[in-house]
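Observations on the three-dimensional arrangement
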Amino acid sequence: MSIKENIEKIEKNITLAAQKSGRKREDILLLAVTKTVEIERMEEAKQLGLTQFGENKPQEISRKYPLIDGVKWHQIGHLQTNKVKNVIDKVCLIHSVDSLKLGNEISKRAQALGIVSNVLVEVNIARDEAKHGVDPNETVTIVTQLSKLPSICVKGLMTVAPYTPDPEENRKYFREMYKLYIDIGAKKYDNVSMEYLSMGMTNDYIVAIEEGANIVRIGTGIFGQRDYTKIG
Ligand SMILES: *Cc1c(COP(=O)(O)O)cnc(C)c1O
């Protein structure tokens with residue numbers, strides 16, 4: 001299928017899932033995940049209306065950033081402290097903050113540039129040893145610690161659910177994430193606004209939206225299987 005057909009199919013699914021959870025299509029951001037996707041195909045997606053792109057690697061954002069105009073970038077993959085400086089002035093949202101150390105570095109770099117960096121806290125909702133993110137029980141603590149840093153604004157939560165052939169298996173995790181998101185929002189901490197709940201990928205975005213996601217991160221579903229032999 002073409003990128004156009006893929007997007008049309010995803011758009012229909014998003015609209016339906018949003019309705020099921022009492023929301024509208026425009027309440028959900030479809031973030032196009034463009035790791036290993038070349039600029040020509042990103043341009044094609046942009047022409048089809050997708051203008052927000054998510055990348056895993058800071059170096060890929062740095063490389064592509066000057067090559068395409070009028071789009072927004074999101075850092076969605078794990079971010080090492082020493083790479084913060086490469087993306088801090090390029091991304092509108094960092095989805096993957098999972099330590100105070102990383103938060104400190106982001107705040108320091110943002111402050112030096114006179115900007116405020118918007119971040120999500122990544123939660124390891126399935127407590128999967130192979131995944132990044134904070135333990136669900138430690139989420140409130142890290143959110144409040146981050147909220148005290150001068151040049152960071154905590155805008156919500158993110159998770160990468162386990163890969164499973166049956167997305168229904170992740171419903172319980174998405175539900176837990178939504179509960180955390182609502183509970184933390186209800187506390188009304190200074191400098192914390194639970195605006196975004198980033199969860200759901202190609203395999204499970206429908207279930208994620210049904211359970212309250214308002215950002216879904218989709219790569220394969222839009223661009224097809226990634227070819228890792230092309231880009232290192
Ligand atoms: C690659 C990636 C995605 C998109 O995964 P697909 O299965 O290709 O849709 C979403 N989020 C993160 C953090 C990723 O690394």
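Please read these numbers as outputs of a predicted model, since none were measured by experiment.

1. Considerations on the side chain of Ser 107
Its place among the elements puts Ser 107 in helix 5 (residues 100–113). The contact partners of Ser 107, leaving out residues within four places of it in the chain, are Leu 149, Pro 150, Ser 151 and Ile 152.

2. Digging into the pairing of strand 2 (residues 52–55)
Going residue by residue along strand 2, you find Gln 52 and Gly 54 tucked away on one face and Phe 53 and Glu 55 tucked away on the opposite face as well. Alignment of strand 1 (residues 29–33) against strand 2, held across 2 bridges, turns out to be parallel. Counted as the bridge partner of Ala 32 is Phe 53 from strand 2. As a crossover connection, the stretch from strand 1 through helix 2 (residues 39–47) into strand 2 is right-handed. In terms of strand pairing, strand 2 meets strand 3 (residues 72–75) through 4 bridges, oriented parallel. From the neighbouring strand, Glu 55 faces strand 3, where its bridge partner is Gln 75. In the classification by handedness, the crossover that spans strand 2, the intervening helix 3 (residues 58–64) and the parallel strand 3 is right-handed.

3. A look at the site of the ligand
The full set of residues close to the ligand is Val 33, Lys 35, Asn 56, Ile 76, Val 160, Met 201, Thr 202, Arg 217, Ile 218, Gly 219, Thr 220 and Arg 226. At a separation of 2.9 Å, an oxygen atom of the ligand approaches a polar side-chain atom of Asn 56. Starting from 390 Å² of accessible surface for the ligand in isolation, the protein chains cover 89%. Within the shell around the ligand, the residues separate by chemical class into 5 nonpolar, 4 polar and 3 charged.

4. What to know about helix 2
Regarding helix 2, the residues found buried are Ile 39, Met 42 and Ala 45. One side of helix 2 carries all its buried residues, which in axial view fall inside an arc of 115 degrees. In helix 2, the exposed positions angled more than 90 degrees off the buried face are occupied by Glu 40 and Gln 47. Buried residues in helix 2 make contact with helix 1 (3–20), strand 2, helix 3, strand 3 and helix 9 (220–223). Where helix 2 terminates, the next one or two residues include Gly 49, which has phi positive at roughly 105 degrees.

5. Section: the packing of aromatic side chains
Per the counting criterion, the structure on display carries 2 aromatic pairs. On the basis of an interplanar angle of 55 degrees and a centroid distance of 6.1 Å, the ring pair of Phe 53 and Trp 73 is categorised as tilted. Here Trp 73 lies in strand 3 and Phe 53 lies in strand 2, a separation of 20 residues in the sequence. Overall, Trp 73 belongs to the buried group, its relative accessible area being 2%. For the pair Tyr 178 and Tyr 181, a centre-to-centre distance of 6.0 Å together with 40 degrees between the ring planes defines the contact as tilted. Within this pair, Tyr 178 and its partner Tyr 181 are both found in helix 7 (residues 171–186), separated by 3 residues, close to a single helical turn. A relative accessible area of 35% places Tyr 178 in the partly exposed class. For Tyr 181, a relative accessible area of 10% puts it in the buried group. Against the face of Tyr 65 rests Lys 90, its NZ or CZ located 5.7 Å from the ring centre. Geometry around Tyr 173 places Lys 172 over its ring, the cationic atom sitting 4.6 Å from the centre.

Criteria and thresholds
- Residues numbered from 1 in each chain as written.
- Predicted model: local features only at pLDDT ≥ 70, side-chain atom pairs only at ≥ 80, totals over all residues.
- Heavy atoms only, no water.
- Helix = DSSP H or I, 4+ residues; strand = E, 2+ residues; numbered from the N terminus.
- Contact = heavy atoms within 4.5 Å.
- Buried < 20%, exposed > 50% of the residue type's maximum accessible area, 1.4 Å probe, protein only.
- Pairing = 2+ DSSP bridges.
- Right-handed = clockwise from strand over helix to strand, strands pointing away.
- Near = heavy atom within 4 Å.
- Polar contact = N/O pair within 3.5 Å; in protein donor to acceptor, adjacent residues only side chain to side chain.
- Areas by Shrake-Rupley, 256 points an atom, 1.4 Å probe, with all protein chains shown as cover.
- Nonpolar A, V, L, I, M, F, W, Y, C, P; charged D, E, K, R; others polar.
- Arc of directions from axis to C-beta.
- Phe/Tyr/Trp six-rings, centres within 6.5 Å; stacked < 30°, edge-to-face > 60°.
- Lys NZ or Arg CZ within 6 Å of the ring centre and 35° of its normal.

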